[in-house]
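Analysis of the macromolecular model
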Amino acid sequence: MPYGIPTDRVNDPACERFIDIEAITPAVQCRWTGPPEGDPRPNEIQVMATPVVVDLDLDADGSTLAPSIAFTSFPTVGSYRQPGVLRVIDGATCEQQLSFPDPADATMGPASVAVGDLDGDGRPEIVAQGHDGGLKAFGDDGTGWRRLWTSGRCDGSGGRTADNIGGQDEWGGPSIHDLDDDGVPELILGAVVYDRDGCVVTESLGYRGYSQGVVPVLADVDEDGRVELVMGDGIWEFDGGARDWVAEAWFTGSTARGQVAVAELGDFPLASLGGMDFPEVAVISGGQARVQTLEGTIVFGPVAIPGGGTGGAPTVADFDGDGRREFASAGGSAYVVFDLDCQSAGATGTCGSARTDGVLWTQPSQDGSSNVTGSSVFDFDADGAAEAVYADECFLRIYDGADGTVRYSAARSSGTTYENPVIVDVDGDFHSEIVSAVNDYAGTLGCPGTDPLRPTTSFETNHGIVVLRDELDRWAASRPVWNQHAYAVTHVSDDGAIPRSSAVAANWRDASLNNFRQNVQGDLDARGLADLTAASEAGPLRVLCEADRSATLPVQICNRGTLPLAAGTEIAFRLGAVDGPELCRAPVPVALTVGMCTEVTCTGVLPDDAVDLFVEVDPDGLEEECWEGNNFATLRMVSCETVE
């Protein structure tokens, strides 16, 4: 679309890409394999917990999008139980930005951290599980980033004693939610609640451990305006007045504890809740998968995880594109997608694999270390059927949601805990990447030389963090945030703000969501494309020049596509012709949202006589655009008006 045509539209809504998942080529965008020289903790290079991503505003510029990756690292010698070091790296380059090496800042290596704006200042903080238990928060106090507090039991007059809740070697990590609708987030570790300053609010339920720690899942599941803590063996509502948990009387089940996810998985009216259908709870517990209602009635399973193993935290998505939700988990030797349509009785739809054992599909994997690893979900080709992303001891794979065909594979060594890869716009370019923890402290773990499910991928050991992308950035767009292990889209804003509980939409009521541990586009067009154009000037155009005839040359650049474009795309000015000598070039200074325009200037020396200048957007062809043919503009008869 030429600049300014038609006058009543600011962009071309037809700009859309076709994503061929078969054509996707894996590439490493960047790696963090250790701290820079001089770091006081150079040996803490192993990572075995879910990394989290958000823009921490380290550049102090709210107009830019520059996400960071936060994680805990641990040393090779002495195992992951040694005191960990919290690190923060740049999402675009993997260069280290922050590190907290003080022994008093030690974190639990295999526990995921969480990020969210705790104090309402517009900048997220990082909350980590302490090496000895409890929590620690890190943020910018105005003088720089530091540990803000270590959690404890507070006496109301400023006194605090360490709580050490959970103790060492617990992997669940914290979750962040506003429990009482006051606009101030609380922090949850197991079933213990802390306020934003790290004081224990309630521990009436105890830590309530499972395996190596429960990943806390919270939501207003009965839609009464109050948040519940959801576990496999009960549901508790947070009473904002009493500042404590209250057991929901309508839960009458006798089911076992486990890792859970919440979603609408079928039509199961609840007699104790007026016959209404609320979300169900997918539970992975002791090597079995099941679905139960909020009352605790089992409506699917228990189904033994094929291949054995305890099983990792479940994900929920529409894997096969049938409009209904499935859930997935990884065991010791298989990754499995469970489908309520794949039952011999009680199915409401057709099972795509024609199985009747509750399983849509399964693929071999290798996780003899812990067999409790998590996974994630994303619709990479925006076709309505989500792909699964799972990393075992040897490889990270993208599986076709409908049948489990491996579409992508990359080497990724790990001794494994609860970690899962996260899919997120990690560099602010409005495209998706995969961020994964990597470690080699346990050696090769008997991994094969090549991926048996995709033999073109070779195994190798490494450590730290790896960011993976399609080499041409063809994956669908994604949000720039994944803030905690128990990630749900509606629980956090793109900038890390934690919404009031009354402002959190019921994820399961939104047909475009109804998912858990799946990222989405947010306000972005999944298949969108940017389309840069430049404004021509009919001339004659006189510009102020210095004595040497150098001038600052302006041009208006607009994004007429359907996807924002990150700052930095170059604009070139040429003398006399489209292919004339280059006078100067300059980057677009800001990200261009859809329909947005900005002025780009560069400085060049003009000839003595008036000259036509030809402007070319993206002269090196580095950006994929909707229309490449509209990247030129002409500034007619440009001449100097000399400054006296």
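In this report, the structure presented in the accompanying data block is examined. (Residues numbered from 1 in each chain as written. Predicted model: local features only at pLDDT ≥ 70, side-chain atom pairs only at ≥ 80, totals over all residues. Heavy atoms only, no water.)

When helices and strands are counted, the protein chain shows zero helices and 46 strands. Taken over the C-alpha trace, the protein chain has a radius of gyration of 26 Å; the compact-globule value for 644 residues is 26 Å, and the two agree within 12%. Dimensions of the protein chain, computed from the C-alpha atoms along their principal axes, are close to 90 × 60 × 55 Å. Evaluated residue by residue, the protein chain yields a buried proportion of 59% over its 644 residues. Here the analysis covers contacts within the protein chain between residues at least 6 apart in sequence; of these, 64% occur between residues at least 24 apart. Of the side-chain charges in the protein chain, 38 are positive and 102 negative, and the distance between the mean point of each set is 3 Å. (Helix = DSSP H or I, 4+ residues; strand = E, 2+ residues; numbered from the N terminus. Rg over C-alpha atoms; globule rule 2.2 N^0.38 Å. Buried < 20%, exposed > 50% of the residue type's maximum accessible area, 1.4 Å probe, protein only. Contact = heavy atoms within 4.5 Å. Lys, Arg positive; Asp, Glu negative; His and termini not counted. Charge placed at Lys NZ, Arg CZ, Asp CG, Glu CD.)

Position of D195 relative to the elements: it lies in the loop between β16 (192-194) and β17 (200-202). A sequence separation of 10 residues divides D195 from P185, and the C-alpha atoms of the two residues are 7.2 Å apart. Here the side chain of D195 touches D197 through a polar contact of 2.9 Å, landing on its backbone nitrogen. (Polar contact = N/O pair within 3.5 Å; in protein donor to acceptor, adjacent residues only side chain to side chain.)

Moving on, we get to the side chain of D381. Along the chain, D381 turns up in the loop between β30 (376-378) and β31 (387-391). Ignoring anything within four residues of it in the chain, the contact list for D381 reads I19, I21, E387 and R527.

It is worth spelling out the nonpolar core at this point. Counting 51 residues, the largest nonpolar core has I69, I126, L187, Y194, V435 and I465 as the members making the most contacts within it. The next biggest cluster of nonpolar side chains, apart from the first, holds 43 residues, and it includes V230, I235, L265 and I305. (Core = buried A, V, L, I, M, F, W, Y, C linked by side-chain atoms within 4.5 Å.)

Next up on the list: the pairing of strand β5 (residues 83-90). Extensive coverage of β5 is indicated by the burial of six of its eight residues. As paired strands, strand β4 (residues 68-75) and β5 are joined by six bridges and run antiparallel to one another. Each residue of the ladder has a partner; that of T72, found in β5, is L86. Looking at chain direction, β5 and strand β7 (residues 107-108) are connected through two bridges and run antiparallel. Opposite G84, over in β7, you have T107 as the bridge partner. Pairing of β5 with strand β6 (residues 96-100), which is carried by four bridges, proceeds in the antiparallel orientation. Of the residues in β6, the one forming a bridge with I89 is Q96. The antiparallel hairpin formed by β5 and β6 contains five residues in its connecting segment, where C94 sits at a positive phi of about 65 degrees. (Pairing = 2+ DSSP bridges.)

What follows deals with the sheet that holds strand β27 (residues 326-330). Strand pairing within a sheet occurs via backbone hydrogen bonds; the two strands may be parallel or antiparallel. Spatially, the four strands line up as an open sheet ordered β26-β27-β28-β29, and their pairing is antiparallel. Pairing within the sheet leaves two strands with one partner each, and these edge strands are β26 (315-317) and β29 (357-364). Sheet twist, expressed as the average angle between the axes of neighbouring strands with direction ignored, equals 25 degrees. Both β26 and β27 contribute to a ladder of three bridges, which runs antiparallel. Residue pairing in the sheet places V316 in a bridge with F327 of β27. (Axes fitted to C-alpha atoms, helices over the stretch in contact; angles between N-to-C directions.)

This brings us to the environment of G240. Here G240 lies in the loop between β20 (234-239) and β21 (244-247). A residue is classified by how much of its surface remains accessible, and G240, at 34% relative accessible area, is partly exposed. A sequence separation of 14 residues divides G240 from R226, and the C-alpha atoms of the two residues are 8.4 Å apart.

Spatially, the four strands line up as an open sheet ordered β8-β9-β10-β11, and their pairing is antiparallel. With one partner strand each, in any of the chains shown, β8 (114-116) and β11 (145-150) form the two edges of the open sheet. Neighbour-to-neighbour, the strand axes of this sheet turn through a mean angle of 25 degrees, independent of strand direction. Taken together, the four bridges between strand β9 (residues 125-129) and strand β10 (residues 135-140) define a ladder with antiparallel strand orientation. Across the sheet, I126 pairs through a bridge with F138, a residue of β10.

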